[in-house]
Structure formats: C-alpha cells, structure tokens
Amino acid sequence: MAATVFYLDDIPEPGGRAVLGGPEGRHAATVRRIRVGEPITLSDGRGVLAASEVVAAQRDRLELTVLEKVVAQPVPPRVTVVQALPKSERSELAVELMTEAGADRIVPWQAARCVANWEAKAAKGVEKWRSAARSAARQSRRAYIPEVTDLHRTRDLLDLVRDEVARGAVVAALHESGAGRFTELPLREAPEVVLIVGPEGGLADDELAALADAGARAVLLGPTVLRTSTAAAVALGALGALTARW
C-alpha cells in the first residue's frame, strides 16, 4: 500500500530531516495517529515527491528523515475546470470531486443563474475552495495541488477563453444544447483543455453566445443531465480515458 501523502513547502534532500507541523502535522499526528517508523510521502504540491520515515512524533507534529526524492511529471493535456458556483451545500463537494478526478486548475465563476452569490465574500469562498482542493489532493495522493484562481465574472471568463484558444486549447462548454459530443473533440492532440460547467439553472443564452464567440464549443457530455457539482468529475473521467492522462 502506498504511503500517505502530506504537504510541506520545502522538502530537504535525501538524508535530511523534515518537520511536518501546522495543520498538516496535526492531521498526521492526531487524526491519522501516525507513529515512529511509519512511511510517509511528502510533497510540495508542485510535483516533488519524497519518500520519508517518521523518526519522532509529538501531538501536533512529526519529524521525518527523507529517504528519496523525485519529481512527478504532469501528464498532458493540462485541464482547467471553470465551475459556476454551486449551492453552498454542494460547493466544496464539487471541488473535492474534480480534484480527485485530476483537475489542474479550478476557476470559480459567478454565472448569471448561480443561486450562490460571492460578490461580497469572494475571498472567503476562494479560500474554502483552496482548502478543499488541498484536502482532496492529499486524500487522492496527488503530487500537484490544483490551483484555485480568484473569482471570475463572465467578462473575466471570456478573456480566459480567448487566451486559451489562442494557445491551442480545446474549450468545451458542457451543455445540453450542444450540437456535438464531448467524445468528438480533438482532446488527445490538445495541449490544454478547458471545461466550462454551468450552474444549477443552466447557462444563459447570452452566456452561451458569448462563449461561442470567444471560441468555446458547446458539447453534450452524455445522455443524462448531471448536477453542476458532479459534471466536472464525470468529464475528467472521460477525458482520462480519451487521452494519455490515464
């Protein structure tokens, strides 16, 4: 069984001593009850993985010896998920699922039909999503913690789409009105993929038109209508099978 992953910003070279403190250390020592002699994989969340062994354990921190250090190479295509804000009770679930499924970047979007409204609390909402992404990355033993950007309004999203299309990315708006299918997109050849997921009320007509003008393609993901909180994870699973990611 693979060793549990915990995140540490600065990881020493092999033979060095690492101290896992703060929230990660408390979770490891108190919640997971990891003890001396157990293996742990450390990661900086940016691709570095280090096999290590616990040499001392306290109530809120662990001390470890680093045994081996490698860099995990990301597998293309890089995937950005633009997620319209779900209802509050499903908001962090959406982030957890897409992180476990392999999203590289997560963009919270204040779409026209979002029930949730972050206009007065954007910083707090983004911080919650970043915390959820970090926890889910640890759970799924990822070497990379997804980047969670600041809140995007529609004008910001259109700029993002134009920039990504100019770089050769495939930008897919997952919507039931799509004339094509997700499986028909040139995903395997794409350097980057952007998935746009609308809110519970769906994408507004003017949003769809503006996204199309910016270069996004409206496509059907499958035969059923999915919740906004699960659509990205389903799309990422399909993407994994359709490209070299899996």
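Residues numbered from 1 in each chain as written. Predicted model: local features only at pLDDT ≥ 70, side-chain atom pairs only at ≥ 80, totals over all residues. Heavy atoms only, no water.

**Focus: the UniProt feature "domain: Ribosomal RNA small subunit methyltransferase E PUA-like" (unreviewed entry) in the protein chain**
Spelled out, the test is: UniProt positions are given in the numbering used here, feature names are shortened, and annotations may be inferred rather than shown by experiment. Secondary structure elements follow DSSP: runs of H or I no shorter than four residues count as helices, runs of E no shorter than two count as strands, and numbering proceeds from the N terminus.
Residues given the UniProt feature "domain: Ribosomal RNA small subunit methyltransferase E PUA-like" (unreviewed entry) here are residues 20-67. Split by type, residues 20-67 is 21% helix and 46% strand. Its first and last C-alpha atoms lie 15 Å apart.

**Side note on the pairing of strand 4 (residues 48-57)**
The cut-off we apply is this: We treat two strands as partners when DSSP finds at least two bridges between them.
Note that strand 3 (residues 39-43) and strand 4 share 5 bridges and pair antiparallel. In the strand pairing of strand 4, S43 is matched with L49. Linking strand 3 back to strand 4 in an antiparallel pair, the connection comprises 4 residues, with G45 at a positive phi of about 80 degrees. The sheet contact formed by strand 4 and strand 5 (residues 62-71) spans 9 bridges and is antiparallel. Residue pairing for strand 5: L49 is matched across the bridge by V70.

**Examining the sheet that holds strand 1 (residues 4-7)**
Our working rule: Interaxial angles span 0 to 180 degrees and are taken between N-to-C directions of axes, which are lines fitted to C-alpha atoms, for helices over the stretch in contact. When checking whether two residues touch, look at their non-hydrogen atoms; a contact exists if any pair is within 4.5 Å.
Within the open sheet, the 5 strands sit side by side as 1-3-4-5-2. Their pairing is mixed. The open sheet has two free edges, formed respectively by strand 1 and strand 2 (17-20), since each of these has just one partner strand. Across the sheet, the mean angle from the axis of one strand to that of its neighbour is 45 degrees, orientation sign disregarded. Relative to strand 3, strand 1 runs parallel, the two being bridged by 4 bridges. The residue bridging Y7 from the neighbouring strand is S43, located in strand 3. Each of strand 1, strand 2 and strand 5 is contacted by helix 1 (residues 22-31), which is oriented at about 155 degrees to strand 1, the strand it contacts most.

**Quick notes on the packing of helix 2 (residues 88-101) against helix 6 (residues 228-242)**
The following threshold applies: When describing relative orientation, an angle under 35 degrees is termed roughly parallel and one over 145 degrees roughly antiparallel, while 65 to 115 degrees is termed roughly perpendicular and anything else oblique. Each residue is assigned to one of three groups, with Ala, Val, Leu, Ile, Met, Phe, Trp, Tyr, Cys and Pro labelled nonpolar, Asp, Glu, Lys and Arg labelled charged, and all others, Gly among them, labelled polar.
The contact between helix 2 and helix 6 brings their axes to 8 Å, and the two run at 5 degrees. In terms of their interaxial angle, helix 2 and helix 6 are classed as roughly parallel. Between helix 2 and helix 6, the residues in contact are R90, A94, L97, M98 and A101 and S229, T230, A232, A233 and L236, respectively. Across the contact of helix 2 with helix 6, the residue classes break down as 7 nonpolar, 2 polar and 1 charged.

**Notes on helix 2**
Heads up, the rule is: Multiplying 1.5 Å by the residue count of a helix minus one yields the expected span of that helix.
In a regular helix each residue adds 1.5 Å, so 14 residues correspond to 20 Å; helix 2 covers 21 Å between its end C-alpha atoms and thus fits that length. Among the structural elements, strand 6 (78-84), strand 7 (105-109), helix 3 (122-139) and helix 6 are those in contact with the buried residues of helix 2.

**Here's the deal with the pattern of salt bridges**
What counts here: The salt bridge definition used is simple: a Lys or Arg side-chain nitrogen within 4 Å of an Asp or Glu carboxyl oxygen.
Overall, the coordinates contain 15 salt bridges when judged by the stated rule. The residue E24 makes a salt bridge to R138 at a minimum N-O spacing of 2.3 Å. Of this pair, E24 sits in helix 1 while R138 sits in helix 3; the two residues are 114 residues apart in sequence, bridging distant segments of the chain. Here D104 ties to R142 by a salt bridge, and the two come within 3.9 Å at their closest N and O atoms. Here D104, found in the loop between helix 2 and strand 7, pairs with R142, found in the loop between helix 3 and strand 8 (147-148); they are 38 residues apart in sequence, far enough to count as distant.

**Digging into the packing of aromatic side chains**
Definition in use: Pairs were defined over the aromatic rings of Phe, Tyr and Trp, the Trp ring being its six-membered one, requiring ring centres within 6.5 Å. Orientation was assigned from the angle between planes: stacked under 30 degrees, edge-to-face over 60, tilted for the rest. Each residue gets one of three labels from its accessible area relative to the maximum for its type: buried under 20%, exposed over 50%, partly exposed in between, using a 1.4 Å probe on protein chains only.
Enumeration according to the criterion identifies 1 aromatic pair in this entry. Ring centres of W118 and W129 lie 5.1 Å apart, and the angle between their planes is 75 degrees; on these two criteria the pair is classed as edge-to-face. Residue W118 is found in the loop between strand 7 and helix 3, and its partner W129 is found in helix 3; the two are separated by 11 residues along the sequence. A residue is classified by how much of its surface remains accessible, and W118, at 7% relative accessible area, is buried. Note on W129: relative accessible area 0%, which makes it buried.

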